[in-house]
Amino acid sequence: MTGLRATALAWLLLTLVACQSDAPQVVSFPDAECDGAGFCQSSRDGRRITLRFLAPPSPLTAFPFEVHLNGFAVKPPPDVQVRFEMPDMDMGLNRYRLQNGGTGRFTGRAVLPVCTTGRHDWRAVVSVESAEAVREARFGFRAGD
Ligand SMILES: [Cu+2]
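Quantities reported herein were computed from a predicted structural model and do not represent experimental measurements.

**A word on the overall build of the protein**
Logical step 1: Secondary structure assignment for the protein yields one helix and 11 strands.
Logical step 2: Beginning at the N terminus, the succession of helices and strands in the protein can be written as α-β-β-β-β-β-β-β-β-β-β-β.
Logical step 3: Going through the 145 residues of the protein one by one, you find that 20% of them count as buried.
Logical step 4: Residue pairs at least 24 apart in sequence account for 53% of intrachain contacts in the protein once pairs closer than 6 positions are excluded.

**Observations regarding the pairing of strand β9 (residues 105-110)**
Every other side chain in a regular strand lies on the same face of the sheet, so the side chains alternate between the two faces.
Logical step 1: By the bridge criterion, six bridges tie strand β5 (residues 63-70) to β9 in an arrangement that is antiparallel. From the neighbouring strand, E66 faces β9, where its bridge partner is T107.
Logical step 2: In textbook terms, the turn of a hairpin is the stretch between consecutive antiparallel strands, and for strand β8 (residues 99-100) and β9 this stretch comprises four residues, one of which, G102, has a positive phi near 85°.

**A closer look at unusual backbone geometry**
Logical step 1: Cis geometry marks the peptide bond from K75 to P76, where omega comes out at -5°.
Logical step 2: Notably, T103 is not glycine yet its phi reads approximately 45°, a positive angle.
Logical step 3: By the element assignment, T103 lies in the loop between β8 and β9.
Logical step 4: Judged by the 8 C-beta atoms lying within 10 Å of it, T103 is exposed.

The rules behind the values
Residues numbered from 1 in each chain as written. Predicted model: local features only at pLDDT ≥ 70, side-chain atom pairs only at ≥ 80, totals over all residues. Helix = DSSP H or I, 4+ residues; strand = E, 2+ residues; numbered from the N terminus. Buried ≥ 20, exposed ≤ 12 C-beta atoms within 10 Å, placed from the backbone. Contact = placed C-beta atoms within 7 Å. Pairing = 2+ DSSP bridges.

Structure representation (C-alpha cells):
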C-alpha cells in the first residue's frame with residue numbers, strides 16, 4: 001500500500017468514526033400496518049411503540065393522534081416526533097413534535113396534504129429520541145378513502 005493510499009484510508013476511517021459519534025444510533029422497529037380502527041403497534045427488545053389515531057386521518061382535516069411508549073425510560077422524557085410520508089413519493093415535510101402528556105403518553109395533531117395522484121396510502125414514522133438512541137417505528141395506514 002502506498003503512503004498516499006494509507007493516508008486516504010485513514011482519513012476515510014476517521015470520517016466514518018466521526019459520523020457515527022455525531023448522530024445517535026437509529027434503531028428500527030419492525031414495520032407494521034395500522035388496523036381499521038387506527039391502532040398501530042410495534043415492539044423490539046422489550047420496548048413497545050403504539051400509535052393511535054383518535055379520529056380517522058383524512059387530508060386537509062386536522063386529526064388528533066397519540067403515541068404510547070412502554071419499556072422506555074421516561075426521565076428525562078424522550079423527544080417524540082411523527083412524520084407522515086408516502087412510499088416513493090415526495091409529499092413535502094409533514095413532521096410533528098408531540099406534547100408530553102406524562103406516563104409515556106404523547107399527543108399530537110396533524111393535517112395531511114391531498115395527494116395529487118389520488119393515492120391514500122401513507123406511512124407514519126414515529127421517532128423516539130433519547131440520549132443514547134433514536135428508535136423509529138413505521139406504520140402503514142390509509143387516509144381519506
Ligand atoms: Cu402522494
